[in-house]
Amino acid sequence: MLERTFIMLKPSCIERGLVGEIISRLERKGLKIIQVKFLKMSRELVEELYAVHRGKPFYDNLVKTLEGRRVVVMVVEGRRAIEVVRNIIGATDPVQALPGTIRGDLAIDLTDNLIHASDSRESYEKEYKIFFKEEELQTI
Ligand code: CMP
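These figures come from a predicted structure and were not determined experimentally.

Analysis parameters
Residues numbered from 1 in each chain as written. Predicted model: local features only at pLDDT ≥ 70, side-chain atom pairs only at ≥ 80, totals over all residues. Heavy atoms only, no water. Pairing = 2+ DSSP bridges. Helix = DSSP H or I, 4+ residues; strand = E, 2+ residues; numbered from the N terminus. Axes fitted to C-alpha atoms, helices over the stretch in contact; angles between N-to-C directions. Contact = heavy atoms within 4.5 Å. Phe/Tyr/Trp six-rings, centres within 6.5 Å; stacked < 30°, edge-to-face > 60°. Buried < 20%, exposed > 50% of the residue type's maximum accessible area, 1.4 Å probe, protein only. Salt bridge = Lys/Arg side-chain N within 4 Å of Asp/Glu carboxyl O.

A.B. asks: Got a minute to help me understand the sheet that holds strand β1 (residues 2–9) in this structure?
C.D. replies: Overall, antiparallel pairing links the four strands, which are arranged β2-β3-β1-β4 in an open sheet. Both outer strands of the open sheet, β2 (32–40) and β4 (115–117), are each paired with one neighbouring strand and no more. For this sheet the average axis-to-axis angle between neighbouring strands, irrespective of direction, equals 20 degrees. Judged from the eight bridges that link them, β2 and strand β3 (residues 70–79) form a sheet pairing that is antiparallel. Looking at β3, one finds that glutamine 35 is bridged to valine 75. Sheet contacts for helix α5 (residues 81–89): β1, β3 and β4; angle to β1, the most-contacted strand, approximately 35 degrees.

Pasting the structure below:
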């Protein structure tokens with residue numbers, strides 16, 4: 001059974017020219033890109049995506065690093081894609097992320113940790129709908 005997950009490449013991926021490197025790592029693992037697009041994050045989109053973190057000490061800083069800046073959002077598919085992608089990207093804090101993971105190899109800042117991915121089926125269902133219409137995700 002194939003599963004899908006939602007991924008956002010944070011603004012520094014674009015600014016540092018790491019979009020291709022990261023998409024390549026996902027594809028080489030065997031994940032299929034179902035849809036991908038660039039967009040500018042509005043305040044509303046940031047607040048919707050990170051609604052569960054509202055009120056936490058790092059929330060304002062998180063909003064500041066994303067609001068008004070360009071990101072890449074995508075939906076990828078593969079066997080147990082949610083778990084696979086979480087493993088490929090590594091721990092939230094790049095200091096703890098193991099070498100070989102995206103954050104372990106390419107990031108050091110906690111807020112600007114390059115990439116976000118859904119942590120559960122429930123998060124995926126909520127997150128992809130913020131950025132994609134159902135018909136954009138049809139592959140046939
Ligand atoms: P992300 O996977 O996008 O989910 C929430 C984001 O909040 C996280 O990655 C980091 O960018 C940011 N963040 C900043 N500080 C923390 C923290 N102490 N714990 C968790 N997330 C944090």
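A.B. asks: Can you walk me through the packing of aromatic side chains in this structure?
C.D. replies: Applying the stated rule across the entire model yields two aromatic pairs. Ring geometry for phenylalanine 6 versus phenylalanine 131: centroids 5.2 Å apart, planes at 10 degrees, classification stacked. Remark: phenylalanine 131 occurs in helix α7 (residues 121–131) and phenylalanine 6 occurs in strand β1; sequence separation between them is 125 residues. For the residue pair phenylalanine 6 and phenylalanine 131, the accessibility class agrees, reading buried in each case. Taking 4.6 Å as the distance between ring centres and 25 degrees as the angle between the ring planes, the aromatic pair formed by tyrosine 124 and tyrosine 128 counts as stacked. Here tyrosine 124 and its partner tyrosine 128 are both found in helix α7, four residues apart, which amounts to about one turn of the helix.

A.B. asks: Teacher, can you tell me more about the pattern of salt bridges here?
C.D. replies: Between side chains of opposite charge, a pair can form as their charged atoms come close. Under the definition given, this model contains ten salt bridges. Notably, a salt bridge pairs arginine 43 with glutamate 47, separated by 3.0 Å at the nearest N-O pair. Remark: glutamate 47 and arginine 43 occur in helix α3 (residues 43–49); sequence separation between them is four residues, near one turn of the helix. Residue class for glutamate 47 comes out partly exposed when judged on its relative accessible area of 21%. A salt bridge links arginine 43 to glutamate 67; the shortest N-O distance between them is 3.2 Å. Of this pair, arginine 43 sits in helix α3 while glutamate 67 sits in the loop between α4 (59–66) and β3, placing them 24 residues apart in sequence. Overlapping salt bridges bring together Glu21, Arg25 and Asp105 as one network.

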